[in-house]
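Summary of structural features
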Amino acid sequence: MNWILLIIAGLFEVAFAACLGKAKEATGIQTTYWYIAFLICLGISMALLVKVTQELPIGTTYAVWTGIGAVGTVLMGIFVFKEPATFWRLFFIMTLIISIIGLKVVSN
């Protein structure tokens, strides 16, 4: 169950990063709404991270959480914000995914 909560926390990390990107593009009151969404996603992500670290090793937990956030944010940038999907960018994202899986496999 803790690993599922960790994945959800990582997805909320992606969501709060996406909110920052949308806030940058928005104007007027919409900017405020995106910043409020950012704070909500940040709060949920952090609360889940705190809960998960009570059962799983902190080093593994934090590395997986940031890895999910990093991979998700790069993919969000490519698909939503039309950032470039170069070979090297995708190559290093794949190495990050492999590392996250490796940490899960070797953790108790």
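Anyway, here's the lowdown on the structure attached to this text. Just so you know, the residues in each chain are numbered from 1, in the order the chain's sequence is written. Confidence filtering applies because this is a predicted model: local features only for residues at pLDDT of at least 70, side-chain atom pairs given and counted only at 80 or more, and all residues used for totals across whole chains, interfaces and linings. Hydrogens are left out, water is left out, and the side-chain values use all remaining heavy atoms of the structure.

Thoughts on the nonpolar core
Residues Trp3, Leu6, Val52, Val64 and Trp65 are the most contacted members of the largest nonpolar core, which totals 16 residues. We count a stretch as a helix when DSSP gives it H or I for four or more residues in a row; a strand needs E for two or more, and each element gets its number in order from the N terminus. Where this core is concerned, the elements lending two or more residues are α1 (2–25), α2 (29–53), α3 (58–79) and α4 (87–106). Sorting elements by how many residues they give to this core places α3 first, with six residues. Put simply, buried Ala, Val, Leu, Ile, Met, Phe, Trp, Tyr and Cys residues joined by side-chain atoms within 4.5 Å make one nonpolar core. Only protein chains enter the calculation, and the probe is 1.4 Å; a residue is then buried if its accessible area is under 20% of its type maximum, exposed if over 50%, and partly exposed in between.

Regarding the packing of aromatic side chains
The criterion for an aromatic pair is that two Phe, Tyr or Trp rings (for Trp, the six-membered ring) have centres within 6.5 Å, with stacked assigned to planes under 30 degrees apart, edge-to-face to planes over 60 apart and tilted to the rest. A full pass over the atoms with the stated rule returns seven aromatic pairs. Seen from their ring centres, Phe91 and Phe92 are 5.0 Å apart, and the 75° between their planes marks the pair as edge-to-face. Of the residues examined, Phe91 reaches a relative accessible area of 36% and is grouped as partly exposed. Pairwise contacts between aromatic rings join Phe87, Trp88, Phe91 and Phe92 into one cluster.

Description of the side chain of Glu13
Mapped onto the elements, Glu13 comes out in helix α1. None of His or the chain ends enter the tally, which takes Lys and Arg as positive and Asp and Glu as negative. We count a salt bridge whenever a side-chain nitrogen from Lys or Arg sits within 4 Å of a carboxyl oxygen from Asp or Glu. Buried and unpaired, Glu13 has Arg89 as its nearest opposite-charge partner, separated by 14 Å. Those residues within four positions of Glu13 in sequence are excluded, and the remaining contacts are Ser45, Trp65, Thr66 and Gly69. Residue contacts are counted whenever heavy atoms from the two residues lie within 4.5 Å of one another.

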